[in-house]
Amino acid sequence: MSIDNATPEEWNAAAREARDEPIECSKTRKCGWKGMHSDLVSAPHKRFANAQQHVCPCCGCDSYYRREARK
Ligand SMILES: [Zn+2]
C-alpha cells in the first residue's frame with residue numbers, strides 16, 4: 001500500500017490488519033525498539049485529522065520496519 005495515496009479509511013483498515021505483525025522502530029540506531037504492532041501507541045495522524053496512527057512507545061517515531069515473523 002502506498003501511504004501517500006491511501007484514504008483515511010484505507011489507512012485505518014491497514015492499521016487494523018497489521019496489529020499482529022512483528023516490527024521495529026525505524027530509528028534503529030537512536031531508539032532500537034522492537035515489538036509487535038499492537039505494542040505501538042495511538043496518536044492523532046499527522047495528515048488525516050480523522051485517523052489514528054501508531055507510533056513507537058519509546059521515541060514516538062511514526063515509521064517502523066516490518067520484521068520477519070518468528071513462530
Ligand atoms: Zn522508537
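What you see is a predicted model, and the numbers here were worked out from it, not measured in a lab.

Q: Explanation requested: the sheet that holds strand β2 (residues 34-36) in the structure shown.
A: Adjacent strands of a sheet pair through backbone hydrogen bonds, lying either parallel or antiparallel. Read from one edge of the open sheet, three strands run β2-β1-β5, paired in antiparallel fashion. Only two strands of the sheet have a single partner each, and these edge strands are β2 and β5 (64-66). Across the sheet, the mean angle from the axis of one strand to that of its neighbour is 35 degrees, orientation sign disregarded. The sheet contact formed by strand β1 (residues 22-25) and β5 spans three bridges and is antiparallel. Counterpart to Glu24 in the pairing with β5 is Tyr65.

Quick notes on the rules
Residues numbered from 1 in each chain as written. Predicted model: local features only at pLDDT ≥ 70, side-chain atom pairs only at ≥ 80, totals over all residues. Pairing = 2+ DSSP bridges. Helix = DSSP H or I, 4+ residues; strand = E, 2+ residues; numbered from the N terminus. Axes fitted to C-alpha atoms, helices over the stretch in contact; angles between N-to-C directions.

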